[in-house]
Amino acid sequence: MRLLIDTDPGIDDALALLLALASPGISIEAITAVAGNVPVDQAISNVFRILDVVRPVSTPRVARGAAAPLNRSLVTAGHVHGDDGLGNLDRFVEPDGRPRYPALSHTVETSDGADVILDAAERFGAELVVVALGPLTNLATALERDARRLSRAGRIVVMGGAVTVPGNVTPAAEFNFYVDPEAAAAVFEAWLPLELVPLDVTRQVLLRQTELAERLYRCPSRIARFMSDFTLHGFALGAGRGDGGIVLHDPLAIGVALDPSLVGFEELHVEIECAGRIARGLALADRREIPSYKKRRPNCRVAMTVDAPRFLQLFLDRLCPASS
């Protein structure tokens, strides 16, 4: 399987990237950064930070994508992910006083994120699975440039929206669609091979600090230490909520890309609200029980159920095998 991951890391994005990088038989062809949880330059830095820790045998292309939504001001989520998106890694120092995570030099693709997405869709066609973990600005830009080439991708897995549950930014909206509703609307109007992984299922997958700590204790490595460091902020936030965990929004989207049987899909027509004063970014699915000729034709598959224990087992086993 060939993956292209479009992302705005983000604590759970980082966990998602680690899951993808740890999965056998997967070729990550490219990672494109988009502004969302953090500004795009910070997102790029975070991608390279993760690659530096993992040091994969084959390094994917990394491209800088959109720095802002299509026609709105950027909304970020530092209060959730830390100022740097990775739980404020600058607070960690070694015993000799050196920073544990010094600044890295890096080189990005000369092509921007949208062009890298189009190039991958053209080169790999049905083999390519695009996984969008952030606002859909890069995908919408690629769509505007060449819808035909983008449509060659075999699957496009989107983490976003809230179909039957409340949003996490407003009562109506999930973060990714709230940040750039126009981009999400364009993507869902384009009749692409979309698979939506909304809050309805991601909220059912909670990683508890005790579960992760037990695994990390048994598999010490630089990756394990990195995970322990950057998740501290997220677990503290979870403790404040009372659940003591990190909701694995983006890792579940990677899980669905790798194994669609983890979720149960419904074919639905989904539209994204752009103009609403109080419903910006709402993902409205047509779930009416009326004759089919009056319903809108499905434009995506929506994950509505999830085998949460099986996914959590896969997640922990890939990132830190129990036998280690």
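Criteria and cut-off values
- Residue positions are given per chain, counted from 1 along the sequence in the order it is written.
- Totals for whole chains, interfaces and linings use all residues, but because this is a predicted model, local features are given only for residues with pLDDT of at least 70 and pairs of side-chain atoms are given and counted only at 80 or more.
- Hydrogens and water are ignored here; the side-chain numbers use all heavy atoms of the structure.
- Helix and strand definitions follow DSSP, with helices as H or I runs of at least four residues and strands as E runs of at least two, each counted in order from the N terminus.
- Radius of gyration here is computed from C-alpha atoms only, and the compact-globule reference equals 2.2 Å multiplied by the residue count raised to the power 0.38.
- For each residue, the accessible area found with a 1.4 Å probe, counting protein chains only, is set against the maximum for its type, and the residue is called buried under 20%, exposed over 50%, and partly exposed in between.
- Contacts are assigned to residue pairs with any non-hydrogen atoms lying within 4.5 Å of each other.
- In this description, accessible areas are obtained by the Shrake-Rupley approach with a 1.4 Å probe, and a residue is regarded as covered only by the protein chains that are shown.
- Here Asp and Glu are counted as negative and Lys and Arg as positive; His is not counted, and neither are the chain ends.
- Charge placement uses NZ in Lys and CZ in Arg. For Asp and Glu, CG and CD serve respectively.
- Note on aromatic contacts: the rings of Phe and Tyr and the six-membered ring of Trp form a pair at centre separations within 6.5 Å, being stacked when their planes are under 30 degrees apart, edge-to-face when over 60 apart, and tilted otherwise.
- Following DSSP output, two strands are said to pair if at least two bridges run between them.
- For helices, the fitted axis covers only the stretch in contact; all axes are lines through C-alpha atoms, and the angles between them, taken along N-to-C directions, range from 0 to 180 degrees.
- Under the rule applied, a polar contact is a pair of N or O atoms within 3.5 Å (in protein, one hydrogen donor and one hydrogen acceptor; residues adjacent in sequence only if both atoms are side-chain atoms).
- What is meant by a nonpolar core is a set of buried Ala, Val, Leu, Ile, Met, Phe, Trp, Tyr and Cys residues, joined one to another through side-chain atoms within 4.5 Å.
- Note on terminology: angles under 35 degrees are roughly parallel, angles over 145 are roughly antiparallel, angles of 65 to 115 are roughly perpendicular, and the others are oblique.
- Helix crossings fall into two classes, left-handed where the near helix is turned counterclockwise from the far one by less than a right angle and right-handed where it is turned clockwise.
- Under this grouping Gly is polar, as are all residues other than the nonpolar Ala, Val, Leu, Ile, Met, Phe, Trp, Tyr, Cys and Pro and the charged Asp, Glu, Lys and Arg.

Participant: Just checking my understanding: could you explain the overall build of the protein for this structure?
Facilitator: The helix and strand inventory of the protein stands at 13 helices and 12 strands. For 324 residues, the compact-globule estimate of 2.2 N^0.38 gives 20 Å, and the protein sits close to it at 19 Å. Its C-alpha atoms give the protein principal-axis dimensions of about 70 × 45 × 40 Å. Relative to its 324 residues, the protein shows a buried fraction of 55%. Once local pairs closer than 6 in sequence are excluded, the contacts in the protein between residues at least 24 apart make up 82%. Split by element, the accessible area of the protein, about 13,600 Å² in all, is 50% carbon and sulfur. If you average the places of the 33 positive and of the 40 negative side-chain charges in the protein, the two averages end up 2 Å apart.

Participant: Explanation requested: the environment of L3 in the structure shown.
Facilitator: Tracing the backbone shows L3 in strand β1 (residues 2–7). On the basis of relative accessibility, which here comes to 0%, the residue L3 falls in the buried class. The spatial distance from the C-alpha of L3 to the C-alpha of A120 is 9.2 Å, given a sequence separation of 117 residues.

Participant: In this structure, what is going on with the packing of aromatic side chains? I would like to understand it.
Facilitator: The description of an aromatic ring pair rests on the distance of the ring centres and on the angle between the ring planes. Taken as a whole and assessed by the stated rule, the structure comprises 5 aromatic pairs. With a centroid separation of 4.8 Å and 55° between ring planes, the pair formed by F226 and F230 is classed as tilted. Taken together, the residues span about one helical turn, with F226 and F230 both in helix α11 (residues 222–241) at a distance of 4 residues. The same class applies to F226 and to F230, which are both buried.

Participant: Help me understand the sheet that holds strand β12 (residues 300–306) in this model?
Facilitator: Backbone-to-backbone hydrogen bonds pair the strands of a sheet. The strands run either parallel or antiparallel. Here 8 strands make up an open sheet; going across it, the order is β3-β2-β1-β4-β5-β6-β12-β9 and the pairing mixed. If you trace the sheet from one side to the other, it starts and ends with β3 (61–64) and β9 (263–268), each paired once. Averaged over all adjacent pairs, the angle separating strand axes in this sheet is 20°, with direction ignored. Pairing geometry for β1 and strand β2 (residues 27–33), over 6 bridges, is parallel. Paired with I5 across the strands is I31, a residue of β2. The strands touched by helix α4 (residues 113–124) within the sheet are β1, β2, β3 and β4 (128–132), with β3 carrying the most contacts at an inclination of about 140°.

Participant: In this structure, what is going on with the environment of D96? I would like to understand it.
Facilitator: When you line up the elements, D96 lands in the loop between α3 (78–81) and α4. On the basis of relative accessibility, which here comes to 52%, the residue D96 falls in the exposed class. Spatially, the C-alpha atoms of D96 and G244 are 32 Å apart, while their sequence positions differ by 148 residues. Here the side chain of D96 touches R98 through a polar contact of 2.6 Å, side chain to side chain.

Participant: Which parts of the structure should I look at to understand the side chain of H269?
Facilitator: Summarising the element assignment, H269 is placed in the loop between β9 and β10 (270–272). When its relative accessible area of 12% is taken as the criterion, H269 is described as buried. Here R297 takes part through its backbone oxygen, which lies 2.7 Å from a polar atom of the side chain of H269. The contact partners of H269, leaving out residues within four places of it in the chain, are W191, L284, A285, D286, R296, R297, P298 and N299.

Participant: What am I meant to see in the nonpolar core here?
Facilitator: Residues V131, F226, F230, L248, F311 and F315 are the most contacted members of the largest nonpolar core, which totals 67 residues. Each residue touching V131, except ones within four places of it in the same chain, is listed here: L3, L4, I5, D6, V157, A253, I254 and A257. The next biggest cluster of nonpolar side chains, apart from the first, holds 40 residues, and it includes I117, A153, V158 and F177.

Participant: Sorry, what's going on with the packing of helix α5 (residues 137–145) against helix α8 (residues 181–188) here?
Facilitator: Packed helices, taken two at a time, are described by the angle between their axes plus the distance between the axes. Two elements in contact, α5 and α8, have axes separated by 8 Å at closest approach and are oriented at 50°. The orientation of α5 with respect to α8, classified from their angle, is oblique. Note on packing geometry: the crossing formed by α5 with α8 is left-handed. Every residue of α8 that contacts α5 at T137, L139, A140 and L143 is listed here: A183, A186 and V187. Across the contact of α5 with α8, the residue classes tally to 6 nonpolar, 1 polar and no charged.

Participant: Looking at this model, I keep getting lost on the pairing of strand β5 (residues 155–159). Mind explaining?
Facilitator: Note on strand geometry: in a regular strand, side chains alternate between the two faces of the sheet. Of all 5 residues making up β5, 5 are buried, and the element is well covered by its neighbours. Where burial is concerned, the two faces of β5 agree: the one with R155, V157 and M159 and the one with I156 and V158 are both buried. Note that β4 and β5 share 4 bridges and pair parallel. From the neighbouring strand, A132 faces β5, where its bridge partner is V158. Bridge count for β5 against strand β6 (residues 194–197) is 4 bridges, and the pairing is parallel. Residue pairing across strands places V157 opposite E195, the latter belonging to β6.

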